[in-house]
Amino acid sequence: MRRRRFWGWGFEDEGADPRALAAVEAQIGALLGRSPVRREPPVARDLALPAPRVAAPPRLAHLCTATPEERARHALGRSYKDLARAIRCRFDDAPDYVAYPETSDDVARLLEAAAAGAVAVVPFGGGTSVAGGVEPRGLGSYAGVVSLDMSKLSRLLDLDTTSLSARIEAGASGPEIEALLKPHGLTLRFYPQSFELSTLGGWIATRAGGHFATGPTHVDDLVESVRVSCPRGTIETRRLPGSGAGPAPERLFLGSEGTLGVITDAWVRVLRRPTHRAQATVSFPTFEAATTALRTVLQSGLSPSNARALDPVEAMMSGAGPAGAALLLLAFESAHHPVDGLLALALEAALSAGAGAAGPVRSTSADGGRDAAQDVYKASFLRAPYLRDELVLRGVFVETYETAVTWDRLAALDADVRAAVARLDLGPHLLACRVTHAYPNGCAPYYTLVAPAPEADLGVEMWDDVKAAVTGAIVDAGGTSTHHHAIGRDVVPWYERERPALFADAILAAKRALDPRGIMNPGVLFRAGTR
Ligand SMILES: Cc1cc2nc3c(=O)[nH]c(=O)nc-3n(C[C@H](O)[C@H](O)[C@H](O)COP(=O)(O)OP(=O)(O)OC[C@H]3O[C@@H](n4cnc5c(N)ncnc54)[C@H](O)[C@@H]3O)c2cc1C
């Protein structure tokens with residue numbers, strides 16, 4: 001069994017790509033005017049956790065552990081703030097014990113025992129939440145907290161190759177899912193950047209967004225039915241390609257973030273593996289010109305598998321194009337037909353719309369095989385979290401902020417976010433923006449902030465200040481408090497501003513029906529103390 005780092009991303013035997021790290025260190029050195037100094041990561045013997053308040057119920061003890069390392073590994077998610085605390089061994093709200101159910105019956109028995117003992121339950125998939133979703137904080141009114149780790153439920157339960165659907169257990173991670181499907185020539189084709197660790201259940205619970213920028217952007221589009229173990233009992237929804245039979249029951253659990261029950265498995269829509277690919281990159285003098293071109297492509301009725309606009313800072317950081325230019329990346333793929341014609345149409349639309357366009361800067365196509373350039377990009381995209389660990393160790397604050405907004409409000413929102421960051425007086429910093437997902441009626445801008453972290457707390461307080469300033473500016477400008485990173489505990493104040501009050505009552509009533517003792521992930525979606 002490979003061991004997960006308790007203080008950072010990923011596995012202990014894995015790390016950042018040395019060449020990528022050297023390049024980023026040079027950029028950061030130039031920004032800060034000095035070479036960053038690396039601190040040593042913590043080791044398990046440094047851990048000093050508060051004593052557990054409760055022990056696992058004796059009849060389920062064989063599924064549970066309470067070692068300091070396991071409790072620490074389940075105490076925090078993986079936002080910058082989480083890493084900054086973990087590196088300093090601040091695991092103040094660690095769960096009292098961690099349970100590893102092996103079957104859905106185990107999940108039901110663990111929930112029953114927790115309800116009887118007034119123990120709060122925090123479902124844990126890959127623990128990659130960046131919104132405080134797995135952090136059991138503020139739960140002093142419960143007898144204790146169990147982190148319910150789903151990693152042992154990771155099997156392929158059924159496969160329907162006629163309908164192209166697979167029933168997979170919720171604890172399966174991205175690579176595990178692809179390994180289960182590959183022998184059948186199938187793929188889920190869902191690649192969030194946290195793919196290496198995040199799980200099917202976590203994706204469904206948070207309405208995660210994949211790497212592909214148009215079409216089925218969210219996992220929502222891939223879910224056929226779900227099975228959920230709730231404190232009141234189990235709900236299993238029907239497999240249907242579509243239905244008009246009242247509100248769809250499986251939709252209630254998409255985005256439920258562990259507050260209603262534990263998703264134990266789901267039927268998901270799978271695809272034959274694509275064999276035709278074509279992609280191109282176009283440069284523009286401004287970000288506005290690149291986003292106008294992107295909008296034109298999306299409103300033309302074309303649906304590229306990828307369509308991303310990068311502002312000049314993002315383009316510089318990714319090393320993807322000429323200095324000072326904004327970029328538009330377009331890609332198409334198919335399991336059935338060549339896609340070069342579709343790419344040509346999209347390029348025509350983009351070049352006609354975005355003022356001052358030059359390009360394509362680069363273009364590739366590959367039929368019947370993999371595109372090497374795309375493979376390299378995908379590998380570095382998926383390994384970027386290891387790079388982030390190294391930056392945190394070097395006292396570099398690096399965090400991302402995301403939203404979605406209709407096209408008519410994009411320019412104003414972008415200006416407001418940049419103004420909000422400028423007002424924070426962070427010293428030398430970089431603020432980069434790329435559009436990660438695009439729709440005919442709007443898009444999802446995604447900001448990356450890089451700045452020096454204060455030495456004292458490694459930027460924990462700064463994280464709260466920046467989060468409040470940026471998320472406040474986003475919601476004020478008509479954006480959503482999250483396009484795909486979820487609400488968790490950290491985003492509740494802004495979620496409350498966009499959630500209609502009567503809808504909040506309706507969801508709370510559903511929670512009371514499924515979880516009458518309020519043990520499921522308290523403090524997520526609703527403030528702690530709401531029952
Ligand atoms: C470096 C990095 C990159 C990321 N990139 C992306 C991205 O590209 N797209 C994106 O959408 N998100 C991204 N995220 C955020 C995160 O990976 C997603 O929210 C992901 O869906 C969480 O999955 P998980 O299995 O890790 O869930 P966890 O973090 O374990 O849990 C998240 C929430 O879901 C609940 N939950 C987990 N499993 C279950 C279950 N089986 N039943 C009920 N509730 C459950 C938890 O209680 C918690 O509230 C990124 C995070 C990091 C750190």
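Attention here is on the structure that accompanies the text.

### Brief notes about the site of the ligand
Taken together, 36 residues sit near the ligand, with Pro123, Gly125, Thr128, Ser194 and Thr199 positioned nearest. The contact in question runs from an oxygen atom of the ligand to an N or O atom on the backbone of glycine 202, over 3.5 Å. Here an oxygen atom of the ligand sits 3.1 Å away from a polar atom, N or O, in the main chain of glutamate 257. Within the complex, the protein chains bury 97% of what would otherwise be the 970 Å² of accessible surface of the ligand. If you list the elements that add at least two residues to the shell around the ligand, you get β3 (119-124), α6 (200-206), β10 (262-269) and α11 (372-393). Considering every element that reaches the shell around the ligand, the biggest residue donor is α6, with 5 residues. Classifying every residue of the shell around the ligand gives 14 nonpolar, 19 polar and 3 charged.

### Quick notes on empty space enclosed by the protein
This structure, assessed with the given rule, holds 2 cavities of 30 Å³ or more. Taken as a whole, the largest cavity spans an internal volume of roughly 130 Å³. Together, 15 residues line the largest cavity, and Thr400, Tyr401, Glu402, Lys467 and His485 are the ones closest to its centre. Its residues placed into classes, the lining of the largest cavity shows 7 nonpolar, 5 polar and 3 charged. Lining the second largest cavity, in full, are Thr259, Lys511, Met520, Asn521, Pro522, Gly523, Val524, Phe526 and Thr530. When grouped by side-chain class, the residues that make up the lining of the second largest cavity number 4 nonpolar, 4 polar and 1 charged.

### Some remarks on helix α15 (residues 501-514)
A rise of 1.5 Å per residue sets the reference length of α15, with its 14 residues, at 20 Å; its end C-alpha atoms lie 20 Å apart and thus fit the reference within 8%. Its buried side turned inward, α15 meets β8 (223-230), β9 (233-236) and α7 (249-253).

### Examining the packing of aromatic side chains
A full pass over the atoms with the stated rule returns 5 aromatic pairs. Here a set of aromatic residues connected by ring pairs shows up, and it is made of Tyr191, Phe195 and Phe212. Geometry around phenylalanine 212 places arginine 189 over its ring, the cationic atom sitting 3.8 Å from the centre. The ring of tryptophan 267 has arginine 239 lying over it, and the distance from NZ or CZ to the ring centre is 3.9 Å.

### Quick notes on the pattern of salt bridges
Between side chains of opposite charge, a pair can form as their charged atoms come close. For the coordinates displayed, the defined rule picks out 38 salt bridges. The shortest N-O distance in the salt bridge between arginine 3 and glutamate 69 comes to 2.6 Å. Placement of the pair is arginine 3 in the segment before α1 (18-32) and glutamate 69 in helix α2 (residues 68-73), with a sequence separation of 66 residues. The network of salt bridges with common partners includes Arg3, Glu12, Glu69, Glu70 and Arg73.

### What about the pairing of strand β16 (residues 396-402)?
Among the 7 residues of β16, 7 are classified as buried, and the element is accordingly described as predominantly covered. Because side chains alternate across β16, one face comprises the buried residues Val396, Val398, Thr400 and Glu402, and the other comprises Phe397, Glu399 and Tyr401, equally buried. Two elements, β16 and strand β19 (residues 442-452), share 7 bridges in a ladder whose sense is antiparallel. Bridging from a neighbouring strand, threonine 400 pairs with threonine 448 of β19.

### Examining the environment of glycine 210
Relative to the helices and strands, glycine 210 is located in the loop between α6 and β8. For glycine 210, a relative accessible area of 6% puts it in the buried group. As for glycine 210 and leucine 424, which are separated by 214 residues in sequence, their C-alpha atoms are 31 Å apart. For glycine 210, the residues in contact, after removing those within four places along its chain, are Phe190, Tyr191, Pro192, Thr217 and His437.

Rules used throughout
- Residues numbered from 1 in each chain as written.
- Predicted model: local features only at pLDDT ≥ 70, side-chain atom pairs only at ≥ 80, totals over all residues.
- Heavy atoms only, no water.
- Near = heavy atom within 4 Å.
- Polar contact = N/O pair within 3.5 Å; in protein donor to acceptor, adjacent residues only side chain to side chain.
- Areas by Shrake-Rupley, 256 points an atom, 1.4 Å probe, with all protein chains shown as cover.
- Helix = DSSP H or I, 4+ residues; strand = E, 2+ residues; numbered from the N terminus.
- Nonpolar A, V, L, I, M, F, W, Y, C, P; charged D, E, K, R; others polar.
- 1 Å grid on protein atoms, 1.4 Å probe; cavity = no way out; pocket = protein on both sides within 12 Å on 5 of 7 lines; lining within 4 Å.
- Points joined across faces, edges and corners; volume = space filled by probe spheres on them.
- Expected span 1.5 Å × (residues − 1).
- Contact = heavy atoms within 4.5 Å.
- Phe/Tyr/Trp six-rings, centres within 6.5 Å; stacked < 30°, edge-to-face > 60°.
- Lys NZ or Arg CZ within 6 Å of the ring centre and 35° of its normal.
- Salt bridge = Lys/Arg side-chain N within 4 Å of Asp/Glu carboxyl O.
- Buried < 20%, exposed > 50% of the residue type's maximum accessible area, 1.4 Å probe, protein only.
- Pairing = 2+ DSSP bridges.

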